[in-house]
Amino acid sequence: MAKEIWKPGNMVYPIPAALVTVADNQGNDNVLTIAWTGTISSDPAMAYVSIRPSRHSYAMIQETKEFVINLTTKDLVYATDYCGVKSGRDEDKFETAGLTREKAQYVKAPLIQESPVNIECQVTQVIPCGSHDMFIGKVLCVHADQKYMDETGKFDLNKAQPLVYSHGQYFATGEYLGKFGYSVQKKQS
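Here goes a summary of the coordinates provided. Just so we're clear, the structure is a prediction, and the values are computed from it rather than from any experiment. (Residues numbered from 1 in each chain as written. Predicted model: local features only at pLDDT ≥ 70, side-chain atom pairs only at ≥ 80, totals over all residues. Heavy atoms only, no water.)

Take the pattern of salt bridges next. Scanning the model with the defined rule gives 2 salt bridges in all. For Arg101, the salt bridge is made with Asp29, and the minimal N-O distance between the two is 2.8 Å. One end of the pair, Arg101, is in strand S7 (residues 101–102); the other, Asp29, is in strand S3 (residues 29–34), and 72 residues separate them in sequence. Residue Arg101 is classed as partly exposed on the basis of its relative accessible area, which comes to 38%. For Asp29, a relative accessible area of 22% puts it in the partly exposed group. Measuring nitrogen to oxygen at the nearest pair gives 3.0 Å for the salt bridge that ties Arg101 to Asp92. By relative accessible area, which is 31% here, Asp92 ends up partly exposed. Connected through salt bridges with shared partners, the residues Asp29, Asp92 and Arg101 form a single ionic network. (Salt bridge = Lys/Arg side-chain N within 4 Å of Asp/Glu carboxyl O. Helix = DSSP H or I, 4+ residues; strand = E, 2+ residues; numbered from the N terminus. Buried < 20%, exposed > 50% of the residue type's maximum accessible area, 1.4 Å probe, protein only.)

Turning our attention to the packing of aromatic side chains. Inspection of the entire model under this criterion finds 4 aromatic pairs. Pairing Tyr58 with Phe135 gives two aromatic rings, centres 5.4 Å apart and planes at 70°, and the pair type is edge-to-face. Separated by 77 residues along the polypeptide, Tyr58 in helix H1 (residues 56–64) and Phe135 in strand S10 (residues 133–144) bring together distant segments of the chain. When sorted by exposure, Tyr58 lands in the same class as Phe135, which is buried. Taking 5.8 Å as the distance between ring centres and 35° as the angle between the ring planes, the aromatic pair formed by Tyr78 and Tyr82 counts as tilted. Pair noted here: Tyr78 and Tyr82 are both in helix H2 (residues 77–85), with a separation of 4 residues, about one helical turn. (Phe/Tyr/Trp six-rings, centres within 6.5 Å; stacked < 30°, edge-to-face > 60°.)

Another aspect to go through is the sheet that holds S3. Read from one edge to the other, the open sheet built from 7 strands follows the order S3-S2-S6-S9-S10-S5-S4, with strand pairing classed as antiparallel. Each edge of the open sheet carries a strand with a single partner, namely S3 and strand S4 (37–42). Each strand of the sheet is rotated relative to its neighbour by a mean of 35°, with strand direction disregarded. In the sheet, strand S2 (residues 18–23) pairs with strand S6 (residues 66–71) via 4 bridges, with the strands oriented antiparallel. Residue pairing in the sheet places Ala18 in a bridge with Leu71 of S6. Along the sheet face, H2 touches S2 and S3 and points at about 105° away from the line of S3. (Pairing = 2+ DSSP bridges. Axes fitted to C-alpha atoms, helices over the stretch in contact; angles between N-to-C directions. Contact = heavy atoms within 4.5 Å.)

Laid out in structure tokens, this is it:
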């Protein structure tokens, strides 16, 4: 099979489609869609979001050094897309996207009530990376909606159907393929 060679680009797909909430010190808040987010470390728990300096939310996160990563589901696909193409400079995206603010435990930024998982973060470092700056955050706490837990208390991806993004398209995930551990055994015929 032949492979094409493309110009340099980001081809790590699919990527999570998350809603990130931020606030400033005057009580204003915003929600934006982020696809460049993920885990950096498990101990201590660290996560990141990458945001263009031209975005409305950028100044808010710079001011408070806080953000919340709100995971998304199949039910949140419209709001996720909407918050990625509209600006909080022009409107209250919580209201127009039908999202409910919920008070966070440690940060000024609100949680999104409809989100299955909310991850409160405090910025520890900002790294300029070209078109985006990476905000590295210490995870202060995680809120997990009980309706997405299985009978053993684990988060159930089949129930949540989290969103992922690839080349302008959204997909819901959650199909269980099995438990393999750290080494995958050859599939039995």
